[in-house]
Amino acid sequence: MKAPFTFSDLKSFIRETMQMSHVYQPVMLQALLDRGGYASIDQIAKALLGHDPAQVEYYKVRTEYYKGRTKDMVGRILTKHGIVEPVKDGKRIIGYKLNAETLNKTEVAALKRLCNNRLNKYIEKQGGDPWKYRSNVDSLNDDASLQSILDSHQDRVSNCLFCEMDSSRVVAENELCYAVRNELPETPLHTLVVPKRHVANYFNLYQSELDAVHGLLEKQHIDIPRQDKMVTGFKVDISAGNDAGQTVFHAHVHLIPRRYGDTGDSRGGVR
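Conventions and cut-offs
Residues numbered from 1 in each chain as written. Predicted model: local features only at pLDDT ≥ 70, side-chain atom pairs only at ≥ 80, totals over all residues. Heavy atoms only, no water. Helix = DSSP H or I, 4+ residues; strand = E, 2+ residues; numbered from the N terminus. Buried < 20%, exposed > 50% of the residue type's maximum accessible area, 1.4 Å probe, protein only. Pairing = 2+ DSSP bridges. Axes fitted to C-alpha atoms, helices over the stretch in contact; angles between N-to-C directions. Contact = heavy atoms within 4.5 Å. Parallel < 35°, antiparallel > 145°, perpendicular 65-115°, else oblique. Expected span 1.5 Å × (residues − 1). Polar contact = N/O pair within 3.5 Å; in protein donor to acceptor, adjacent residues only side chain to side chain.

K.L.:
Would you explain unusual backbone geometry in this entry?
P.N.:
Outside of glycine, negative phi angles account for most residues, and trans bonds account for most peptide bonds. In this structure, L189 takes a positive phi of about 70° despite not being glycine. Inspection of the secondary structure assignment puts L189 in the loop between β5 (177–181) and β6 (191–195). Taking relative accessible area as the criterion, L189 reaches 22% and is therefore assigned partly exposed.

Right, dumping it as structure tokens:
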């Protein structure tokens, strides 16, 4: 373990040593400085993804994936430099603490400004908007602001089959979509993955919703063969528009399990 970094050491690291291929290092350092030198994996992951509200929803959908990303990428790099130390519960990393001498408020503010300068330079180099980025990071520091982002995806329409779905039918869900078994299945365990927001056409979904749908499809792709070991493949089907055969105009994806010999010729689908 390296000796605690001084204020001067940290300034030098941020200004000169820190190599940036993404925004992650300065954002993680800001998260630690904001919280007195310690932040949990959840808090760091939220900060890392806070520059893009769509990615916040993606983080919430793929929590374990992004916890691993936090530890395996930015946490590992800053640990290698001795800037942070992992905090563990047994063998499991639950957070990180800053490996630094006690910093006063003036020093903390100065280090946060340096991090923000590096962020701005990086984002400007990428053609982005650093002010928009910074405001989004700040907005995610309170749960009410995060919830308002999530709530913006909760539009419903009356008399829509999928907007008024009986919750007892739901077999899995995340913040932005849910899964139910099809009442008229092509094969047993035929599943529909449905965005919670009312959108008629699949191609009008937000990126966050597409990520959520894909995440739930992946989960069902794993769970269904556990329920039926005869399942050996899947058909994924999306109809977008009346002429494509769409009959319920709330976007949804069919996940249809296939089994060896369930049809004479598997080419072209079940029907």
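The structure having been displayed, the exposition proceeds.
K.L.:
Even after reading the chapter, I still don't get the sheet that holds β6, so can you show me in this structure?
P.N.:
Adjacent strands of a sheet pair through backbone hydrogen bonds, lying either parallel or antiparallel. In space, the 5 strands of this open sheet follow the order β4-β5-β6-β8-β7, with antiparallel pairing throughout. With one partner strand each, in any of the chains shown, β4 (170–173) and β7 (231–237) form the two edges of the open sheet. Ignoring which end each strand starts from, the neighbouring axes of this sheet average 25° apart. Both β6 and strand β8 (residues 253–259) contribute to a ladder of 3 bridges, which runs antiparallel. Across the sheet, residue L192 finds its bridge partner in β8, namely H254. Packed onto the sheet, helix α9 (residues 207–227) meets β4, β5, β6, β7 and β8 and runs at close to 30° relative to β5.

K.L.:
For this particular structure, what's the right way to read the packing of helix α1 (residues 7–17) against helix α6 (residues 105–125)?
P.N.:
In helix packing, the relevant descriptors are the interaxial angle and the interaxial distance, both defined with respect to the helix axes. Here α1 crosses α6 at 5°, and the two axes come no closer than 10 Å. With respect to their mutual orientation, α1 and α6 come out roughly parallel. On α6, the residues touching F7, L10, K11, I14 and R15 of α1 are E107, A110, L111, L114, C115 and R118.

K.L.:
I tried to follow the sheet that holds strand β3 (residues 92–98) on my own but got confused; where do I start?
P.N.:
Strand order in the open sheet formed by 3 strands is β1-β3-β2, with antiparallel pairing between adjacent strands. Among the strands making up the open sheet, the edge pair consists of β1 (38–40) and β2 (84–89). Taking each pair of neighbouring strands and ignoring which way they run, the sheet shows an average axis angle of 30°. Summarising the sheet, β1 and β3 pair through 3 bridges and their orientation is antiparallel. Paired with A39 across the bridge in β3 is Y96. Sheet strands in contact with helix α2 (residues 24–34) are β1, β2 and β3, and its direction is about 80° off that of β3.

K.L.:
Quick question: what am I supposed to make of α6 here?
P.N.:
One turn of an α-helix holds 3.6 residues; hence residues three or four places apart share an orientation. Under the 1.5 Å per step criterion, the end-to-end length of α6 is 30 Å for 21 residues, consistent within 8% with the ideal 30 Å. When we look at burial in α6, the residues that qualify are E107, V108, A110, L111, L114, C115, N116, R118, L119, N120, Y122 and I123. Near the N-terminus of α6, the side chain that reaches the backbone nitrogen of T106, with its oxygen 3.0 Å away, is that of N104.

K.L.:
It is not clear to me how α2 should be interpreted in this structure. Could you clarify?
P.N.:
With 10 of 11 residues buried, α2 lies mostly within the body of the structure. What α2 keeps buried is the set Y24, Q25, P26, V27, M28, L29, Q30, A31, L32 and L33. Following α2 by one or two positions, G36 adopts a phi angle in the positive range, close to 75°.

K.L.:
Before we go on, may I ask you to explain the environment of H198 in this structure?
P.N.:
Within the secondary structure, H198 is located in the loop between β6 and α9. In this structure, the C-alpha to C-alpha distance between H198 and A251, residues 53 residues apart in sequence, is 7.6 Å.

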